[in-house]
Amino acid sequence: IVVMIGYPLGILFIGQNVRLRIMAQTLDRISSTDELSGLGNRRYFMQEASKRLLGRPQGVGALLYIDIDHFKQLNDNYGHLAGDRVLRALGSAIADCLPEGGIAARIGGEEYTIYLPESQLDEALDLAENIRRHARALSRDQSSEVRPFTVSIGVARRQRGDDLEGLMKAADRQLYQAKRAGRDQVVSEMVAAA
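No experiment lies behind these values; they were computed from the predicted model shown.

Caption draft 1: Region of interest: a nonpolar patch on the surface. On the surface, Ile-14, Val-18 and Ile-22 cluster together into a nonpolar patch covering about 270 Å² of accessible area. Mapped onto the elements of the fold, Ile-22 is located in helix 1 (residues 2-32). Using a relative accessible area of 47% as the deciding quantity, one classes Ile-22 as partly exposed.

Caption draft 2: Looking closely at the sheet that holds strand 5 (residues 186-188). One open sheet accounts for five strands, arranged 2-3-1-4-5; its pairing is mixed. The outermost strands of the open sheet, each flanked by one partner alone, are strand 2 (103-108) and strand 5. Averaged over all neighbouring strand pairs, the angle between strand axes comes to 20 degrees, with direction disregarded. The sheet strands contacting helix 2 (residues 42-53) are strand 1 (62-68), strand 2 and strand 3 (111-116), and the helix crosses strand 2 at an angle near 140 degrees.

Caption draft 3: Structural context of the nonpolar core. If you look at the biggest cluster of nonpolar residues, it comprises 31 residues, and the most contacted ones within it are Leu-64, Ile-66, Leu-90, Ile-131 and Phe-149. When contributions to this core are tallied by element, the ones reaching two or more residues are strand 1, helix 3 (71-78), helix 4 (80-97), strand 3, helix 5 (121-140) and strand 4 (151-157). Those residues in contact with Leu-64 that lie beyond four places of it in its chain are Tyr-112, Thr-113, Ile-114, Leu-116, Ala-124, Leu-127, Ala-128, Ile-131, Ile-153, Gly-154 and Val-155.

Criteria and thresholds
Residues numbered from 1 in each chain as written. Predicted model: local features only at pLDDT ≥ 70, side-chain atom pairs only at ≥ 80, totals over all residues. Heavy atoms only, no water. Patch = residues over 30% accessible without salt bridge, like charges linked within 9 Å, V, L, I, M, F, W, Y side chains within 5 Å. Areas by Shrake-Rupley, 256 points an atom, 1.4 Å probe, with all protein chains shown as cover. Salt bridge = Lys/Arg side-chain N within 4 Å of Asp/Glu carboxyl O. Helix = DSSP H or I, 4+ residues; strand = E, 2+ residues; numbered from the N terminus. Buried < 20%, exposed > 50% of the residue type's maximum accessible area, 1.4 Å probe, protein only. Pairing = 2+ DSSP bridges. Axes fitted to C-alpha atoms, helices over the stretch in contact; angles between N-to-C directions. Contact = heavy atoms within 4.5 Å. Core = buried A, V, L, I, M, F, W, Y, C linked by side-chain atoms within 4.5 Å.

See the structure below:
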């Protein structure tokens with residue numbers, strides 16, 4: 001009797017355990033992924049970037065802050081579905097350009113960020129320019145349903161003593177410099193100081 005009852009119950013419990021594990025993995029993925037862009041979300045970015053920042057030598061690493069230029073006008077003129085297409089296209093452009101070890105996320109509205117734990121400023125600038133050109137090309141493709149858009153990108157290198165918040169503030173300052181300088185460009189500390 002024990003075998004007749006125990007074996008089917010064991011199989012049932014094993015099956016339930018497998019389903020629970022799959023469900024937990026699915027929930028974890030959903031809770032850390034931005035639905036529109038396919039990149040990480042703000043919560044995921046803050047956790048992962050903070051973890052990778054710890055234990056890194058001072059001055060190593062860079063952060064990109066990316067913003068879609070005139071996004072509100074795009075939504076107002078063409079509708080929110082057009083805006084969603086642009087968000088997806090930029091997410092795709094970032095994913096295509098992201099180097100191994102980089103962390104990318106849509107952190108709110110039309111703002112994205114990338115943390116490069118091992119990169120120096122020149123590597124981060126190359127990536128930023130590549131993303132800017134890639135985004136521009138995607139939206140200029142005649143076969144695309146994506147409305148034309150450009151991005152402004154601020155880049156900051158981790159300075160001595162910077163935590164994630166300090167690094168994000170530095171990149172955000174550079175992003176606003178790019179906006180004030182006419183948009184559709186990449187600005188870093190070096191460029192802003194020049």
